[in-house]
Structures are given as C-alpha cells and as structure tokens.
Amino acid sequence: MVYRKLWFLHIPHLKQVMMNQNDKKTYEEAIHLLNKVQSNRNNLVATKNQIISNSHSSKQKLELVEKYLVRSGINHDALNKLPVIHVSGTKGKGSTCAFCESILRHNGYKTGFFSSPHLIEVRERIMINGRPISKRTFSKYFWNVMDKLDSHKENEEDLPFYFQLLFIMAVHVFLKENVDVAIIEVGIGGEYDPTNIVTNVPVAGITSLGFDHTSVLGKTIESIAWNKAGIMKKGSKVFTVPQPEGAYDVLHRRSIERECFLEVVRNECCLSCIQKYPASIQTNINLAIKIAEEWLISRPKQNNSFLDVEILKKSIQDCKWPGRYEIQQKGNLSFYIDGAHTVESIEICMKWYLNEIKDKEGAKGLIFNLTGGRSCEKFFAILMKCHFKHVIFVPNIAESSIEKADNINLVLPVGEQLDLCHKYEEKWLNNSSRDEDVQVFPSVKEAIDYLHQKGRCHVLVTGSLHLVGAALSLLNPDLNGNLNGIS
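What you see is a predicted model; the values in this text were computed from it and never measured. (Residues numbered from 1 in each chain as written. Predicted model: local features only at pLDDT ≥ 70, side-chain atom pairs only at ≥ 80, totals over all residues. Heavy atoms only, no water.)

Asks: Go over the packing of aromatic side chains with me, naming the residues and quoting the values.
Replies: Under the definition given, this model contains 22 aromatic pairs. Ring geometry for tyrosine 325 versus tryptophan 352: centroids 5.2 Å apart, planes at 80°, classification edge-to-face. Of this pair, tyrosine 325 sits in the loop between helix H15 (309-318) and strand S9 (326-330) while tryptophan 352 is found in helix H16 (residues 343-357), placing the two residues 27 residues apart along the sequence. The buried category is assigned to tryptophan 352, whose relative accessible area is 8%. Taking the centre distance of 5.5 Å and the plane angle of 75° together, the rings of tyrosine 336 and tyrosine 353 count as edge-to-face. Placement of tyrosine 336 in strand S10 (residues 333-337) and of tyrosine 353 in helix H16 is noted, with a sequence separation of 17 residues between them. You can call tyrosine 336 buried: its relative accessible area is 1%. Owing to a relative accessible area of 0%, tyrosine 353 belongs among the buried residues under this scheme. Within the aromatic cluster, the residues linked to one another by ring pairs are Tyr325, Tyr336, Trp352, Tyr353 and Phe388. The ring centre of phenylalanine 261 lies 5.7 Å from the NZ or CZ of lysine 237, which sits over that ring. (Phe/Tyr/Trp six-rings, centres within 6.5 Å; stacked < 30°, edge-to-face > 60°. Helix = DSSP H or I, 4+ residues; strand = E, 2+ residues; numbered from the N terminus. Buried < 20%, exposed > 50% of the residue type's maximum accessible area, 1.4 Å probe, protein only. Lys NZ or Arg CZ within 6 Å of the ring centre and 35° of its normal.)

Asks: Talk me through the packing of helix H11 (residues 221-228) against helix H12 (residues 247-257); I want residue IDs and the actual numbers.
Replies: Viewed as axis vectors pointing N to C, H11 and H12 meet at an angle of 35°, and their least axial separation amounts to 8 Å. Considering how the two elements wind past one another, H11 and H12 form a crossing that is right-handed. For the pair H11 and H12, contact is made by Ile221, Glu222, Ala225 and Trp226 and by Ala247, Val250, Leu251 and Arg254, respectively. Split into classes, the residues belonging to the contact of H11 with H12 amount to six nonpolar, no polar and two charged. (Axes fitted to C-alpha atoms, helices over the stretch in contact; angles between N-to-C directions. Left-handed = near helix turned anticlockwise from the far one by under 90°. Contact = heavy atoms within 4.5 Å. Nonpolar A, V, L, I, M, F, W, Y, C, P; charged D, E, K, R; others polar.)

Asks: An account of the pattern of salt bridges is needed here, citing residue identities and associated values.
Replies: Note on pairing: side chains with opposite charge can pair once their charged atoms come close. Counting across every chain of the model gives 16 salt bridges. The partner of arginine 71 in a salt bridge is glutamate 154, and the shortest N-O contact between them spans 3.1 Å. Taken as a pair, arginine 71 in helix H5 (residues 55-71) and glutamate 154 in the loop between helix H8 (135-151) and helix H9 (162-176) lie far apart in primary sequence, 83 residues in all. What makes glutamate 154 exposed here is its relative accessible area of 60%. In this structure, aspartate 158 and arginine 71 form a salt bridge, with 2.5 Å as the shortest nitrogen-oxygen distance. In this pair, aspartate 158 sits in the loop between H8 and H9 while arginine 71 sits in helix H5, placing the two residues 87 residues apart along the sequence. Look at the salt bridges and you will find they share partners, linking Lys67, Arg71, Glu154 and Asp158 into a network. (Salt bridge = Lys/Arg side-chain N within 4 Å of Asp/Glu carboxyl O.)

Read these as geometric descriptors, not functional statements.
Laid out in structure tokens, this is it:
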C-alpha cells in the first residue's frame, strides 16, 4: 500500500527519541517527532492518485485508522461513547464548528473541538471548552498514544500519518476529559477522511461546497459533493446550506442511501450580532445555530427545543476564530487577514476587504502565498480588481532566521515556496496592466518591515491559512490569549 510508505523514512532515531524519558516529558520533543510523520511531496502525490483510482485502497486507509485507534487503547464500544457533531464542506467548516462549539459551551456543555490546520501551535487543533489544551496536556497524551502505537507496530513503517495521529490523540483527550460533545471538523473530503471512523453522530453539517482538493476529490461539483456527504450516518440529522447546481441533488441522493434526514438551512436569524459579519459568515452562523439546536433537542434531558436568545447572542459575540475576516493594526499599517484559499473564498475576501477600506486614506497592499498545488491565474484575476499599489509574495514563514517547530512544512519546504513566489511575481507582472510595486521577500516579517517604510497602507493578507498563521504569530502571537491552554 503506497500510502503506508515513506512517512517514517526520516526517523532513523525514532526508538532512541521515544526511549529517552527526559525528552518524552517535553512538548518540544513531541512536536519534533510529530513533524517526522509529514509526507514528502512525491509520496503525497502517489497517495492522492491512489485515492482517486482505487476506492478500495481508500477504505483500507480508514481501516488503518481504526486499527491504530484500537492499538492505542480505544475499541469500537469506547468510540461509540463519544457524542460527535461532524462537519464537512469546502468553505466555512472551521467557523461553523467554532460558532457551534461556542453556542453549546455557553449552554453549559463541556465541549471538545478538533480542527485543522493550526495557525501558530499544533495544540490549537485540540480544544476543550474553547481553549487549546496546554503544552503539558498535549505532551502527556501524545507520548501515551505513541508508546502504545510503537509497542504494537509490525514494522518500522507501521505507524499513522500526521493528521491521523493527531485525530487519534484528540479522541483520547475527549474521552478521558469526559466532554459532553466533540465537534469534529473533517480534514479533506469526508467519505475517506480519517475522522469518518466516528460512529455516534446524532447531528452533522455540510458547509458550502466548491472546488478545492480536486486532485483528491474529483474535478466535478458532483464528485466533491459525493465525498463531502460521506459523513452521513444512518439516523443522523444532517444540515446544509444552499449549494451549487448539481451538488444538492447528490447530497439528497446520498441522504436517502444512508437513511438520514437532510435539511437546507437559510439565513433566517436576524439577530443584530450576526448582521455585522460578511454574508458568508452569516451563512455559517445560521448553520451552526441549527446544528447546535438540533443537538440540544437530541439530549435525553433537554426539555426546551429553542435556544435562549440572550445566551445565543453572547455565544456568538464571544466566539473567537482567528484568521478569518480579522483586522489588526500595527503602526501605520492596517492588516486585513483572511485565510481564503479557494477561488470562491478569495472572491468573498476581496469584497470584504474593499468594503472595509472604502473612504479610508492610504495605499492598498497585498501579502500573498498559494500552496496545495493550486493554480494562481484565477486568484490573480480576482485580486487585481483591488488595484494594489504594493504586491508582496512570501513563503508561509514568520521570520527567515526562525522557523517555529509547530509550523515546519516538510511537504513543501520554505525554499520551494520561495521559488514559487518568484514564479507568482513573474505571472503577476505579465498579467497586470498597472504600474505596481511587486516584490518577493523570504518571510512575512521582512514584508511587513518593507511596507512600514512606505507610509499608511491597508494590507490584505490571504491565500493560505499557513500564511495567516505566520502573520498572526508576529501581529498577535497569543491569539487574544487563546493559547493559554487548558491543563
């Protein structure tokens, strides 16, 4: 099986690392070892091709996740004790999950939340009651899981991938910490995503569908919808939003096949605290409200089928989901930060940015990067409508001299990202009809330092959540205190 190979080829000292009891106690060593399970690009491409050409192999991949979960100490009965809200989709999965989590937490339930990717630190992916677990807690669970997996492996390659490992670890955290509900965001797709081994899913959500990860999910909206609908479980109530033509028909057919209830949620909530958000976020909030309300109804002791309005307002106002339609000020620079990384989301992001800066003095600037094998032309056609004065391409790294361990990318190293940035610079210049200041810098910090010298500027940071994470690590390193983890 191709996808089982190469992940651990760069771990010649795995046993030594795991046997060192002092190192085992540190968060930093946990992250160091976790980074070793990132794939190289050739293996990732081979894995994607296999998923596309052989659904049986994809099913085997899910079976592997189940095998590793059992090896780590969690069998099917234990997994079934974890009540899950499962959310797939192309755009808005994370924000929908975040608002849903906040609503349920404000209603008195202990919540777990598994999401991806992280912006600054890996432990952001596993939250309890809206806060990342602490470094100490992360380290404790990580080494506990790794010890069990390592002691039962059949060969040196018989260990889970990066995302699989973090998900298995999250399941351990949620069960041991006795959460009332685990809100789980799908990684890629749904049908064959590692998170799709969950069984106790009374409520699920499917956010807006569009074209992303087409090399894995297929090049038609119908194929993408089929994959996203894979999270549907027999007897579940599944909520979605208005979808592109062709996508809803697939969702409807799959709901019949899976014997579950499907409903389209409209933007019907008129609370003023929702109206301040862009339309796409309003859609996600309305979906989150419906998911949370249905989950509350499904609770055995729940007597009220309606959310309290005041609690709902507070849960929406208090919800923090960094890096999405966020504004930060630093000296003479205003940063408009959004992790848009699809053509559809870039279009929405561009409109939000222009609306926010209208009637404001200062030049327009762009800090941009694009990864994941996406073609830049369609993105540039949209972004050029902003008429930027300064356009800067950078790798997803905060500072050239410091690459934070939590954000090391072995799939697309910084040097390769920098080469791509120079290609983006060339393509932008070839397609632009305006006299713009177009630059490439090796880090976000150097881009910001350069723009500081240019006077008042409204800077849009977009194209990649990893780029957004690098920017926020400089502008707001503690994410408004959110990295003060739960022990």
